[in-house]
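Overview (structure and organization)
Listed below are the residues making up each chain.
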Amino acid sequence: MMRGDGAGNAIGEAQPGPSLRACLEAILLVVDEPVPEVVLAQVLERPREEIALEIADLAASYAAEGRGFDLREVAGGWRFYTREECAPVVERFVRDGQEVRLTQAALETLAVVAYQQPVSRARVSAVRGVNCDGVMRTLTLRGLVEEAGTEHETGAILYRTTGYFLERLGLAGLDELPELAPFLPDEIEDGDGAEEGIPGAGRARDTDGVQDTGIPQDPQGAGDTGDEHPGQ
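Criteria and thresholds
Residues numbered from 1 in each chain as written. Predicted model: local features only at pLDDT ≥ 70, side-chain atom pairs only at ≥ 80, totals over all residues. Heavy atoms only, no water. Pairing = 2+ DSSP bridges. Helix = DSSP H or I, 4+ residues; strand = E, 2+ residues; numbered from the N terminus. Axes fitted to C-alpha atoms, helices over the stretch in contact; angles between N-to-C directions. Parallel < 35°, antiparallel > 145°, perpendicular 65-115°, else oblique. Left-handed = near helix turned anticlockwise from the far one by under 90°. Contact = heavy atoms within 4.5 Å. Buried < 20%, exposed > 50% of the residue type's maximum accessible area, 1.4 Å probe, protein only. Nonpolar A, V, L, I, M, F, W, Y, C, P; charged D, E, K, R; others polar. pLDDT = per-residue confidence, 0-100. Core = buried A, V, L, I, M, F, W, Y, C linked by side-chain atoms within 4.5 Å.

1. Describing the sheet that holds strand β4 (residues 145–150)
Read from one edge of the open sheet, three strands run β3-β5-β4, paired in antiparallel fashion. Looking at which strands have only one partner, the edges of the open sheet turn out to be β3 (119–120) and β4. Summarising the sheet, β3 and strand β5 (residues 157–161) pair through two bridges and their orientation is antiparallel. Looking at β5, one finds that V119 is bridged to Y159.

2. Some thoughts on the packing of helix α2 (residues 20–30) against helix α3 (residues 37–44)
Here α2 crosses α3 at 120 degrees, and the two axes come no closer than 11 Å. By the angle between their directions, the pair α2 and α3 is classed as oblique. The handedness of the crossing between α2 and α3 is right-handed. Along its contact with α2, which presents L20, C23, L24 and I27, the element α3 presents L40, V43 and L44.

3. Some remarks on unusual backbone geometry
A cis amide bond, omega -10 degrees, links Q117 with the succeeding residue P118. Considering the arrangement of structural elements, one finds P118 in the loop between α6 (104–116) and β3. The phi dihedral of E45 falls on the positive side, at around 55 degrees, and the residue is not glycine. Turning to its location among the elements, E45 is positioned in the loop between α3 and α4 (48–65). Its relative accessible area of 72% is what places E45 among the exposed residues. Phi is positive for A75, close to 55 degrees, though the residue is something other than glycine.

4. Section: the side chain of S120
Tracing the chain through its elements places S120 in strand β3. Filtering out sequence-adjacent residues up to four positions away, S120 remains in contact with A156, I157 and L158.

5. What to know about the pairing of strand β1 (residues 69–74)
With six bridges connecting them, β1 and strand β2 (residues 77–82) associate as antiparallel partners. Directly across from V74, in β2, lies its bridge partner G77. The hairpin turn running from β1 into β2, its antiparallel successor, is two residues long, and A75 in that turn takes a positive phi close to 55 degrees.

6. Brief notes about the packing of α6 against helix α8 (residues 133–141)
For the pair α6 and α8, the least separation of the axes is 10 Å and the interaxial angle reads 80 degrees. Classified by the interaxial angle, the pair formed by α6 and α8 is roughly perpendicular. Here A105, A106, T109, L110 and V113 of α6 come into contact with α8, specifically with V135, M136 and L139. Partitioned by chemical class, the residues of the contact of α6 with α8 number seven nonpolar, one polar and no charged.

7. Quick look at the confidence of the model for the protein
Counting all residues, the mean pLDDT for the protein is 76, and 69% of those residues have values of 70 or more. Across residues 1–14, where pLDDT falls below 50, the model places zero contacts with residues more than four positions away in sequence or in other chains. Overall, residues 188–232 carries pLDDT values under 50, and its contacts beyond four positions in sequence, including any with other chains, amount to 104 contacts.

8. A look at the nonpolar core
Membership of the largest hydrophobic core comes to 22 residues, with the highest contact counts inside it found for L139, V145 and F165. Elements with a contribution of two residues or more to this core: α6, α7 (121–128), α8 and α9 (163–169). In terms of residues, this core owes the most to one element, α6, which gives six residues. The contacts of L139, once residues within four sequence positions are left out, are L102, A106, T109, L110, L144 and V145. Residues V35, I51, I55 and L71 belong to the second largest nonpolar core, which totals 16 residues.

So this is what it looks like as structure tokens:
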């Protein structure tokens, strides 16, 4: 019996389970949104510090090897993304020229929310100079904008951008949004909306701030593209 137990232990030792790196790769390969380190630590029953070190090493190794994908920390978690240099090839494969995009109005509205959040629909409409209720509903349905409580003085519903918004832009947080100053003209005449909230000024500020980030657009203000391929 003793020899049998010893042989069994030897066999068990000779056939270890998958490594921590293999487990991390397997999980990250199937996730549909960034996974926080603490969740990975709980699932794999390992210290968070060990998970953080292993993920950082994985990300560095992929970059050094010039793989077609990156392991990035976005919106508070980790996920695989196609490498930026490969985006044109992936785009041709996935979209085949049939890209559906957000409208210009939706981009401008999203930019106002991103830079002034939390913000009410009335405030967004005032900045753009047009009623934005329909566009706000579209952005909410797309998961880019969500409710963020109510305004104390008026009771109006406030809106903010979502974690999905950060994921689509490849940002770790709102502090990584591009500065608006480089996109503004040196001088804005009073008649063209020099003060905050004037339609001309709001549109000049916010549209450029979002267009350079690569948010997909949509001619009908609805629809979605490439959600399963966020690295594009």
